[in-house]
Amino acid sequence: MTPTILNRFISAKVNRLKSFAVLIDPDKTDAAACLQLIRHSVENKVDFFFVGGSLITGNTMGQLIKLIKTNSSIPVILFPGSNLHIDMSADALLFLSLISGRNPELLIGQHVIAAPVLKKSNLEILPTGYILIDSGRQTTVSYISNTTPIPYDKPEIAACTAMAGEMLGLKLIYLDGGSGAQKQISSRMIASVRKSVDVPLIVGGGIRSAEEAAEVMEAGADVIVIGNGIEKNLNLLAEVSEKVHNYNKALS
Ligand SMILES: CC(C)=CCC/C(C)=C/CC/C(C)=C/CC/C(C)=C/COP(=O)(O)OP(=O)(O)O
Ligand SMILES: O=P(O)(O)OC[C@@H](O)CO
Ligand SMILES: [Mg+2]
């Protein structure tokens, strides 16, 4: 299968273009709210939808993806908390290995179980080094994953972890402060990881304003992810899109 979405991440990174991904938590939306979010995302040229959660309690993921597919051509990338969160109707899957943690199930265990199913699917698999950073409070993902995030003020640990992930062959690095993080990841840490690896860098967690999104981009993130901030204030979507597009326009 041609790695269409991975190539999109790589060519944007090579051309120094930034991308914007909106995280949709299937438990936190209904069809009407989601349709409104999809329309806003199309209007504002969002690059990707990430769909997932650490814990998903409902069974609406399939319907949600169908709604996105019927109303937009924005790629749907699964952001799974476990191998129970695989849905064949998405375009791609972040095949996350939680490399900041030392929980074998999330480093390789779940992957072994999911592999034969994924092999037969049409999902594009995106091998991703997932790195959790302490963000001032315990987040759902650190609790559910039973792992200790990297300390907020230790950029060198994050950089070495990302380097090891890249050396292991992972194609993307995702630095995550955790959904609803009290503070976004520091520019110092983002810049230090950016300098240490060549693969595209995804950054999310706790971004609540267009200014914060700009800081994350300027520090070196290639893709910024926002979930909670947009759930609370839909206007943030247009504001962040504008920042991303202005940044990209200024390059040309
Ligand atoms: C190999 C496969 C298919 C699955 C394993 C995937 C791994 C290793 C996951 C790592 C740990 C994990 C629980 C990740 C979930 C990340 C995620 C989707 C976070 C979204 O935010 P939430 O943590 O749901 O935050 P809220 O509490 O705001 O809803
Ligand atoms: O919900 P927020 O805080 O924007 O976080 C997005 C994402 O990076 C979480 O995994
Ligand atoms: Mg969630």
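- The name an unreviewed UniProt entry gives the protein chain is Geranylgeranylglyceryl phosphate synthase, with Rhodocytophaga rosea as the organism.
- The record held by UniProt for the protein chain lists under Cofactor (unreviewed entry) the comment "Mg(2+)".

## Digging into the UniProt feature "binding site: Mg(2+)" (unreviewed entry) in the protein chain
Move 1: With numbering matched to this structure, UniProt assigns "binding site: Mg(2+)" (unreviewed entry) to Asp25 and Ser54. Across 30 residues of sequence, these annotated residues stay compact in space, with a maximum C-alpha separation of 9.2 Å.
Move 2: Within the secondary structure, Asp25 is located in the loop between β1 (19-24) and α2 (31-43).
Move 3: Asp25 sits in the buried class, given a relative accessible area of 12%.
Move 4: Asp25 has contacts with Gly52 and Glu231, leaving out every residue within four places of it along the chain.
Move 5: Reaching out from Asp25, the side chain makes a polar contact with the backbone nitrogen of Asp27 at a distance of 2.9 Å.
Move 6: Along the polypeptide, Ser54 turns up in the loop between β2 (48-51) and α3 (61-71).

## Topic: the packing of aromatic side chains
Move 1: Under the definition given, this model contains six aromatic pairs.
Move 2: Ring geometry for Phe50 against Tyr174: centres 6.2 Å apart, planes inclined by 55°, an arrangement best described as tilted. On the criterion of sequence distance, the pair formed by Phe50 in strand β2 and Tyr174 in strand β6 (residues 172-176) is long-range, its members being 124 residues apart.
Move 3: Phe50 sits in the buried class, given a relative accessible area of 0%.
Move 4: On the basis of an interplanar angle of 25° and a centroid distance of 5.1 Å, the ring pair of Phe79 and Tyr174 is categorised as stacked. In this pair, Phe79 sits in the loop between β3 (76-78) and β4 (92-98) while Tyr174 sits in strand β6, placing the two residues 95 residues apart along the sequence. Grouping residues by exposure puts Phe79 and Tyr174 together as buried.
Move 5: A connected cluster of aromatic rings, assembled from ring pairs, spans Phe50, Phe79, Tyr130 and Tyr174.
Move 6: If you follow Lys183 out to its NZ or CZ, it ends over the ring of Tyr152, 4.0 Å from the centre.

## Re the pattern of salt bridges
Move 1: This model, assessed by the stated rule, comprises five salt bridges.
Move 2: Among the ionic pairs, Lys28 bridges to Glu231, the shortest N-O distance being 3.8 Å. Of the two residues, Lys28 sits in the loop between β1 and α2 while Glu231 sits in helix α9 (residues 228-232), which places them 203 residues apart along the sequence.
Move 3: Across the salt bridge formed by Lys69 and Asp91, the nearest N and O atoms sit 2.6 Å from each other. Residue Lys69 is found in helix α3, and its partner Asp91 is found in the loop between β3 and β4; the two are separated by 22 residues along the sequence.
Move 4: Among the charged side chains, a network of salt bridges with common partners joins Asp25, Lys28 and Glu231.

Quick notes on the rules
Residues numbered from 1 in each chain as written. Chains lettered and ligands numbered in written order. Predicted model: local features only at pLDDT ≥ 70, side-chain atom pairs only at ≥ 80, totals over all residues. Heavy atoms only, no water. UniProt positions renumbered as here; feature names shortened; annotations may be inferred. Helix = DSSP H or I, 4+ residues; strand = E, 2+ residues; numbered from the N terminus. Buried < 20%, exposed > 50% of the residue type's maximum accessible area, 1.4 Å probe, protein only. Contact = heavy atoms within 4.5 Å. Polar contact = N/O pair within 3.5 Å; in protein donor to acceptor, adjacent residues only side chain to side chain. Phe/Tyr/Trp six-rings, centres within 6.5 Å; stacked < 30°, edge-to-face > 60°. Lys NZ or Arg CZ within 6 Å of the ring centre and 35° of its normal. Salt bridge = Lys/Arg side-chain N within 4 Å of Asp/Glu carboxyl O.

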